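Reading the structure
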Amino acid sequence: MSTEIERKFLVADLPDLSGTEKAVVRQGYLTAPDDSTELRLRQKNDRYYLTLKGDGALARVEREAEISAEQFDTFWPETNGRRVEKERFTGQLPDGRVFELDVFLGDLAPLRLVEVEFQTEAEAKAYIPPEWFGADVTADKRYKNKTMATKGIPA
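Note that the coordinates shown come from a computational prediction; the quantities given were computed from them, not determined experimentally. (Residues numbered from 1 in each chain as written. Predicted model: local features only at pLDDT ≥ 70, side-chain atom pairs only at ≥ 80, totals over all residues. Heavy atoms only, no water.)

1. A short note on the overall build of the chain
Test applied: Counting from the N terminus, the helices are DSSP H or I runs at least four residues long and the strands are E runs at least two residues long. Radius of gyration means the value over C-alpha atoms here, while the globule rule gives 2.2 Å times the residue count to the 0.38 power. We call two residues in contact when some of their heavy atoms are within 4.5 Å. To be clear on the numbers: accessible area is Shrake-Rupley with a 1.4 Å probe, and residue cover counts the displayed protein chains and nothing else. Neither His nor the chain termini are counted; the positive set is Lys and Arg, and the negative set is Asp and Glu. To locate a charge, the coordinates of NZ of Lys, CZ of Arg, CG of Asp or CD of Glu are taken.
Broken down by element type, the chain carries three helices and nine strands. Reading the chain from its N end, one meets helices and strands in the order β-β-β-β-β-α-β-β-β-α-β-α. In terms of overall size, the chain behaves like a compact globule, its C-alpha atoms giving a radius of gyration of 15 Å where 155 residues would be expected to give roughly 15 Å. With the C-alpha coordinates aligned to their principal axes, the bounding extent of the chain is approximately 40 × 30 × 30 Å. Taking the contacts inside the chain whose residues are at least 6 apart along the sequence as the reference set, 58% of them involve residues at least 24 apart. In the structure as shown, the chain presents an accessible area of about 8400 Å², 48% of it carried by carbon and sulfur atoms. Positive and negative side-chain charges of the chain, numbering 23 and 29 respectively, have mean locations separated by a distance of 3 Å.

As structure tokens, then:
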């Protein structure tokens with residue numbers, strides 16, 4: 001079983017993104033925000049994925065499979081009203097960790113979130129983020145993509 005261990009933060013100040021990889025992402029949810037399991041479709045540039053995520057904040061089950069554009073297009077209409085669009089910038093922090101910074105588009109603009117993944121929960125809990133990270137929203141369900149896809153930017 002694959003487990004994702006990550007922390008999520010608001011972005012206080014945008015860092016220099018010139019050395020990052022940029023992807024255009026659109027994702028839609030086949031499950032409702034209140035479901036304990038999340039089933040999501042994602043297009044990341046010209047690749048397509050079906051992802052299952054379990055419930056949880058810091059650590060949760062994650063399984064992902066790459067699917068074809070045709071499979072994606074078959075199920076995409078079922079995500080209407082439960083979608084997120086963003087630009088994702090993937091880069092490296094001075095400590096060697098990888099960050100994923102999401103700049104949301106559409107109704108969720110100008111929201112910006114950054115995530116960092118870890119090998120263990122202890123490592124995640126001990127992590128001291130860089131200055132450009134803002135408030136830690138890891139445990140705040142309002143900042144889960146599946147919640148924002150239906151409820152918008154948290155108030």
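2. A look at the nonpolar core
Formally: Nine residue types can take part in a nonpolar core, namely buried Ala, Val, Leu, Ile, Met, Phe, Trp, Tyr and Cys, and a core is a set of them joined through side-chain atoms within 4.5 Å. For every residue, the accessible area obtained with a 1.4 Å probe (protein chains only) is divided by the maximum for its type, and the residue is called buried under 20%, exposed over 50%, and partly exposed between those limits.
Judged by nonpolar contacts, the single largest core of 16 residues is most densely connected at Leu101, Val114, Trp132 and Phe133. When contributions to this core are tallied by element, the ones reaching two or more residues are strand 1 (3-11), strand 7 (98-104) and strand 8 (112-117). Beyond its immediate stretch of four places on either side in the chain, Trp132 contacts Val11, Ala12, Asp13, Pro15, Leu93, Phe99, Leu101 and Val114.

3. A word on the pattern of salt bridges
Test applied: Here a salt bridge means any side-chain nitrogen of Lys or Arg lying within 4 Å of a carboxyl oxygen belonging to Asp or Glu.
Summed over all chains, the structure comprises 15 salt bridges. For Glu87, the salt bridge is made with Lys22, and the minimal N-O distance between the two is 3.1 Å. Within this pair, whereas Glu87 is found in strand 6 (residues 83-92), its partner Lys22 is found in strand 2 (residues 21-29), the two being separated by 65 residues in sequence. We classify Lys22 as partly exposed; its relative accessible area is 48%. Measuring nitrogen to oxygen at the nearest pair gives 3.0 Å for the salt bridge that ties Lys86 to Asp102.

4. Considering the packing of aromatic side chains
Which entries qualify depends on this criterion: Each Phe, Tyr or Trp ring, with Trp reduced to its six-membered ring, pairs with another whose centre is within 6.5 Å; inter-plane angles below 30 degrees give stacked pairs, above 60 give edge-to-face pairs, and intermediate values give tilted ones. Counting as a charge over the ring demands two things of the Lys NZ or Arg CZ atom: a distance within 6 Å of the ring centre and an angle within 35 degrees of the ring normal.
With the rule as written, the count across this model stands at six aromatic pairs. With a centroid separation of 5.0 Å and 50 degrees between ring planes, the pair formed by Tyr48 and Phe72 is classed as tilted. With Tyr48 in strand 4 (residues 47-53) and Phe72 in helix 1 (residues 69-75), this residue pair connects regions lying 24 residues apart in the sequence. The exposure class of Phe72 is buried, given its relative accessible area of 0%. Note that Arg26 overlies the ring of Trp76, its terminal NZ or CZ placed 4.7 Å from the centroid.

5. Things to note about the environment of Pro110
Mapped onto the elements of the fold, Pro110 is located in the loop between strand 7 and strand 8. For the pair formed by Pro110 and Lys141, sequence separation is 31 residues and the distance between their alpha carbons is 19 Å.

6. A few points about the pairing of strand 6
Looking along a regular strand, one sees side chains alternate from face to face of the sheet. Going by this rule: Strand pairing is assigned whenever DSSP detects at least two bridges linking the two strands.
Of the strand pairs in this sheet, strand 2 and strand 6 are connected by eight bridges, and their pairing is antiparallel. Across the sheet, residue Val24 finds its bridge partner in strand 6, namely Glu87. Bridge count for strand 6 against strand 7 is seven bridges, and the pairing is antiparallel. From the neighbouring strand, Gln92 faces strand 7, where its bridge partner is Val98. Taking the residues between adjacent antiparallel strands as the criterion, strand 6 and strand 7 are bridged by five residues, where Gly96 takes a positive phi near 95 degrees.

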